[in-house]
Amino acid sequence: VQLQAFGGGLVQAGDSLRLSCAPSGRTFSDYAMGWFRQAPGKEREFVAAISRYGGTTYYADSVKGRFTIFRDNPRNTVHLQMNSLKPEDTAAYYCAAGNTLSIVVDTYDYWGQGTEVTVSS
């Protein structure tokens, strides 16, 4: 499975961005999908995850109420809608695919390259 994430950019605090990820190579609905992020000098951390058919979602406390993960299985895409962005959201954002819905980095088998999000104050 290959993952391509896109949609990052430079925005101001309070703005919105939508990240997208387009897996290829296997049936998209075979996988739970997750978004993680990594700021410079910090470990990669969980942001949001969604089950194979979208019925269950998990969020990190730091983004709950501001970020929404959703997927479009017919179009083989998963999105992360990010609203009310804060400077502390600045990081490289990664999408990941795995067999199990999880908030744990190591449970995901496939990773895309990061897309950079920078939020200025």
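Refer to the structure printed above.
A brief structural summary. (Residues numbered from 1 in each chain as written. Predicted model: local features only at pLDDT ≥ 70, side-chain atom pairs only at ≥ 80, totals over all residues. Heavy atoms only, no water.)

**Some words on the pairing of strand E3 (residues 17-21)**
This is how it is decided: A 1.4 Å probe rolled over the protein chains alone gives each residue an accessible area, and that area as a share of the maximum for its type sets the label: buried under 20%, exposed over 50%, partly exposed in between. A run of H or I in DSSP becomes a helix once it reaches four residues, and a run of E becomes a strand once it reaches two; helices and strands are each numbered from the N terminus. When DSSP finds two or more bridges between a pair of strands, those strands are recorded as paired.
Of all five residues in E3, four are buried; the element is thus mostly enclosed. Relative to E3, strand E1 (residues 5-6) runs antiparallel, the two sharing two bridges. Bridge pairing links Phe6 to Ser20 in E3. In terms of strand pairing, E3 meets strand E8 (residues 77-82) through five bridges, oriented antiparallel. When the sheet's bridge partners are listed, Cys21 is paired in E8 with Val78.

**A short note on the pattern of salt bridges**
Quick reminder of the rule: Here, a salt bridge means any Lys or Arg side-chain nitrogen found within 4 Å of an Asp or Glu carboxyl oxygen.
Taken as a whole and assessed by the stated rule, the structure comprises five salt bridges. A salt bridge links Asp89 to Arg37; its shortest N-O distance comes to 2.9 Å. In this pair, Asp89 sits in the loop between E8 and strand E9 (91-98) while Arg37 sits in strand E4 (residues 32-38), placing the two residues 52 residues apart along the sequence. Here the two residues Asp89 and Arg37 agree in accessibility, since each one is buried. Here Asp72 and Arg75 are joined by a salt bridge, their closest N and O atoms 3.1 Å apart. One salt-bridge network, in which partners are shared between bridges, spans Arg37, Glu45, Arg66 and Asp89.

**Observations concerning the side chain of Arg37**
Heads up, the rule is: Each polar contact in these results corresponds to two N or O atoms within 3.5 Å; when the atoms are within protein, one needs to be able to donate a hydrogen and the other to accept it, and residues that are neighboring in sequence are counted only if both atoms are side-chain atoms. Contacts are residue-level and defined by heavy atoms, with any inter-residue pair within 4.5 Å sufficient.
When its relative accessible area of 5% is taken as the criterion, Arg37 is described as buried. In terms of polar contacts, Arg37 uses its side chain to reach the side chain of Ser62, at 3.4 Å. Within the local environment of Arg37, its side chain forms a polar contact with the side chain of Asp89, the two groups lying 2.9 Å apart. Setting aside chain neighbours within four positions, we find Arg37 in contact with Glu43, Arg44, Glu45, Val47, Ser62, Val63, Phe67, Glu88, Asp89, Ala91, Ala92 and Tyr93.

**Thoughts on the pairing of strand E5 (residues 45-50)**
Of all six residues that make up E5, five are buried, and the element is covered over most of its length. With five bridges joining them, E4 and E5 adopt antiparallel strand pairing. Following the sheet pairing, Gly34 is matched in E5 by Ala49. Counting the residues that bridge the hairpin from E4 to E5 gives six residues, and of these Gly41 lies at a positive phi of roughly 80°. Counted between consecutive antiparallel strands, the loop separating E5 from strand E6 (residues 57-59) contains six residues, among which Gly54 sits at a positive phi close to 85°.

**Details of unusual backbone geometry**
The phi dihedral of Asn76 is positive, around 55°, even though this residue is not glycine. Backbone geometry at Ser84 places phi at a positive 50°, although glycine is not the residue there. You can call Ser84 partly exposed: its relative accessible area is 41%.

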